[in-house]
Each structure stands twice: as structure tokens, then as C-alpha cells.
Amino acid sequence: MALSPILVPLLLIPIFLGSVFAISPLKTDTLKPGQQLRDWEQLISAGEAFTLRFFTPRESSTFLLGSAGLRYIGIWSQSDPVWVGNPTEPVSDSSGSLSIDTNGALKITRANASPIMVSPHLSLAGNVSATLLDSGNFVIRDTGRGGRGPGRVLWQSFDHPTNILLPGMKIGFNLKTKKEISVTSWTSNQVPTPGAFRLGLDPSGANQLLVWRHGEIYWSSGILTNNGSSQLTLELSRRYNIDYEFKFHSDKRMNYFSYSVKKTKGSVSSSWFLDTLGQITVTNSFRSSTCAGGTSESSGPCKKDLKSSSAICIAEKPTACRKGSEYFEPRRGYMMDNAYYGDGLSSGISDCHGSCWRNCSCIAFQSFPRGQCHYWGKGSKFVPYDSFNVEQIVYVLDSEIAKATM
């Protein structure tokens, strides 16, 4: 009897202020030609470490499944997406479904619109399939005639990272295609289009990682050694007995960096997350026969030594009017008078922050999910109003906050 093309349905259970899903006990990790992964279905890796499904991003890292809004196909680890297949072209409703054709092309079909290509046509008619692995990699393979064995990899999501670096994922330079593989921040927590920051391998050949902000070096990891010692991970390793193994490899095809992580006892899952402020958050979850837990620590050029722990932490160069000790703090409320608007779209909150920082008359700004910025100049007044929603947060210069409380 032929396998049904219906893949792992999710049951929607509505609750107040959100939605939750119960996962069907039926499981599969592979998508084959003729099958469709519909909006309410998912693939589950063999060891249940990762899932592949449609989702709608929400603020504060809350992601609702099956809800109204722009829909993306993504790979998930526990409660967070680690990869997005269509970051620049979302589906406008729940009509999307993911499929693979006999030429190995992954595409999202949708109502009343052309398909969205997730992977290119490989010009290879054969016995192909797409499998979600326990590493978090989604791979397209050609199993050859007879369909025996896993077959050779034709395409993989690890070659197209978004804002997360996973163990085994390679970032660097493909010398054959002249393409750089790097991790890129989102525009905002709700919009996975490429943002202002990019994490990649130092092109000079030094064994270190760099974060660029619109092409300018923003942060350096320092030289990374094979035993995982660096300012990025050393403190975390000492505290939780976690060992990192860094690999730098160079051959005629590719120069790349990858990492793995292990714990003396039990298993560890790890990720490096490049956020919208240019910070790298290293997260490790570990499990053994006696305990389970997790750790999280951030690295970046901005240090949390400001007077306010809630201040936005983005490193900026000193200017004629900003010496470096000033900061913008998120406050609920609104600004009165003298508002002016940014020109066009930005790449997220860091661009809004940078524009306001460089303008001596700017005392506050507001950043919107899709890249818009609003600015307020001197003479405006901040009025606190705690009942405003999260979208009404205004980033106010510290000296103006003092005035508002007088």
C-alpha cells in the first residue's frame, strides 16, 4: 500500500491570549516527490531533536503556530526556529505547502500566487528526497537507481544559514562558486529578512570570526584555538564543564570554520545566535542520567556596564556630541512635538539607533518591526505611559528620561 502524502498533522487547541499545538504521534523525517507538507503539518527528525514546519514570528521570541499572519517555513529546535527557508518571501496566509519535485527543487506553493523557491532546480531527474536530520540539517539527496542507501547530498540547509550557527554547520568561503557562507541577523524578532549584522570567517586567513555591521568590522572573536579557548567560549566552558572543538579547514574547494561541543557526561545541544543588536548568544542545553539544564551567555563589543541594565546595548563610535557614556533606554510612553521620520527602510533597530546617535539634535527614536524608524528632536518631551503595548516602546536618551521624571 502506498504511503499517504499527509505528513504529521498538528491539532490546534485555542486558549486565551494564544494558541498551542498537540503533536500527532505519527512521525516522518522525509519529504518525497508527490508529497506535500501543509501549513499545519511537520517533519520530525529521527531522534526528535528538530522539526520542520510553518510558523508566524511574534515579538519577544514568542512564535505562534497556525495563527494568522505572514508564514515562513523553518527548522525548529525545542521552542525556537534555527533556520528559515523563505526569509524574504513569506506566504501571506495558511495556504502554503512545501513539496519537492523530481529535479530536487524544494518549493512552497500557495493560493493565487507563484511558487516560492526554497532550493534551486538541480537539473537532475531521479529518485530524490529531502530529509531532516538530527543535526538540524535539511538535506536533499539523490538515492540513485533502486533507491538503496542515503545517496549523495545535492543541497543542504547548512549551506544557507540564517541567524543561527549550529554544530557541524560551516561558515567561510566556497572557492569554487566564489560564494561566502555566513550567519546574518534578522531585521527584527518578527521579520527574518537579513538585518544589519553578519557573522563570518575572517577573510584575511586568521583563525578568528568577525561580526560586520553593514560591511564594517563590529566585533572579533580573537584567535580561536583547536581546544575551543577564546573570549567567546572560555568562561562558559570553565563554568559548566563544556568542551568546544573548533575546526578551521582549507582546501582547493573551501575555507571554513565549524564547531562541535561535548560534555564529560551526558549529551549537549548547542547554538550560536546572532541577534538584532549584533550580540552572539551561546546557548547550551545538556542532559544526563542525573540532571538536565541549560546555559546562555552573550558576547559582543557592547558591555553591560551602563547605568541602566535595560539600556539598549549597541556599540557606537564617539561623535562631537556623543562621548560614549550616553545611552538610549526603552520606555513605555510617547513623545510630544518635533517628530521627524527616517528616509526609507532600515535594517532594524541598530540602524535607528545609529542614525539617532549621529544626529546631535536627536533625543529619542522608535523602531518598527519591518525596518521603519521614527525620530524626535530637541524640544520634544517624553511622557511616560505604562499602559501602552510593547509596540509603543520609545528609546529615549538618558538625559531626557531624567527630565521626564522631574
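Per an unreviewed UniProt entry, the protein chain goes by Bulb-type lectin domain-containing protein and derives from Brassica campestris.

*Asks:* Help me understand the overall build of the protein chain in this model?
*Replies:* When helices and strands are tallied, the protein chain shows three helices and 32 strands. A total of 406 residues make up the protein chain; the buried ones form 47% of that total. Sequence-distant contacts in the protein chain: of pairs separated by 6 or more residues, those separated by 24 or more amount to 47%. Looking at the protein chain as shown, the accessible area adds up to about 20,100 Å², and 52% of this sits on carbon and sulfur atoms.

*Asks:* Help me out: how do you make sense of the environment of P384 in this one?
*Replies:* The topology assignment puts P384 in strand β31 (residues 381–384). Excluding residues within four positions of it along the chain, P384 makes contact with R332 and G333.

*Asks:* Please clarify how the packing of aromatic side chains should be interpreted in this entry.
*Replies:* Per the counting criterion, the structure on display carries eleven aromatic pairs. Measuring from ring centre to ring centre gives 6.1 Å for F55 and Y72, while their planes differ by 40 degrees; the resulting arrangement is tilted. Of the two residues, F55 is situated in strand β6 (residues 51–55) and Y72 in strand β7 (residues 72–77); the sequence distance between them amounts to 17 residues. Looking at Y72, the relative accessible area reads 1%, which means it is buried. Geometrically, the ring pair formed by F248 and F257 is tilted, given 5.2 Å between the ring centres and 50 degrees between the ring planes.

*Asks:* What am I meant to see in the sheet that holds strand β12 (residues 128–132) here?
*Replies:* Note: strands within a sheet are paired through backbone hydrogen bonds, in either parallel or antiparallel orientation. Pairing is antiparallel across the open sheet formed by four strands, whose spatial order is β3-β12-β13-β14. What marks the edges here is a single partner per strand, and that holds for β3 (30–31) and β14 (152–156). In this sheet, strand β13 (residues 138–142) lies alongside β12 in antiparallel orientation, the contact comprising five bridges. Within β13, the residue paired with L132 across the bridge is F138.

*Asks:* It is not clear to me how the environment of S355 should be interpreted in this structure. Could you clarify?
*Replies:* Looking at the element boundaries, S355 is found in helix α2 (residues 349–358). A sequence separation of 13 residues divides S355 from G342, and the C-alpha atoms of the two residues are 8.5 Å apart.

*Asks:* Could you clarify how one ought to interpret the confidence of the model for the protein chain in this entry?
*Replies:* In low-pLDDT regions, the fine details of the predicted coordinates are not to be read closely. Here the protein chain averages 80 in pLDDT, and 74% of its residues register 70 or above. When the criterion is pLDDT under 50, residues 1–26 qualifies, and its contacts beyond four places in sequence or with other chains add up to 48 contacts.

*Asks:* Mind showing me how you'd approach the nonpolar core here?
*Replies:* Grouped burial of nonpolar side chains is what soluble globular proteins tend to show. Counting residues in each nonpolar core, the largest one holds 67 residues, and the members touching the most others are L52, L98, L106, F138, F257 and W272. Examining the composition of this core, we find that five residues originate from one element, strand β23 (residues 254–263), more than from any other. Once you skip the residues sitting within four places of it in the chain, L52 turns out to touch L37, E41, Q42, L43, I73, G74, I75, W83, L98, L132 and F138. Counting residues in hydrophobic clusters, the runner-up holds eight residues, among them F382, V394, V396 and I401.

*Asks:* Where do I start with the sheet that holds strand β10 (residues 106–110) in this structure?
*Replies:* Across the sheet, which stays open at both edges, the four strands sit in the order β4-β9-β10-β11 with antiparallel pairing between neighbours. Both edges of this open sheet fall to β4 (37–38) and β11 (113–117), since each of them pairs with a single strand only.

Procedures and definitions
Residues numbered from 1 in each chain as written. Predicted model: local features only at pLDDT ≥ 70, side-chain atom pairs only at ≥ 80, totals over all residues. Heavy atoms only, no water. Helix = DSSP H or I, 4+ residues; strand = E, 2+ residues; numbered from the N terminus. Buried < 20%, exposed > 50% of the residue type's maximum accessible area, 1.4 Å probe, protein only. Contact = heavy atoms within 4.5 Å. Areas by Shrake-Rupley, 256 points an atom, 1.4 Å probe, with all protein chains shown as cover. Phe/Tyr/Trp six-rings, centres within 6.5 Å; stacked < 30°, edge-to-face > 60°. Pairing = 2+ DSSP bridges. pLDDT = per-residue confidence, 0-100. Core = buried A, V, L, I, M, F, W, Y, C linked by side-chain atoms within 4.5 Å.

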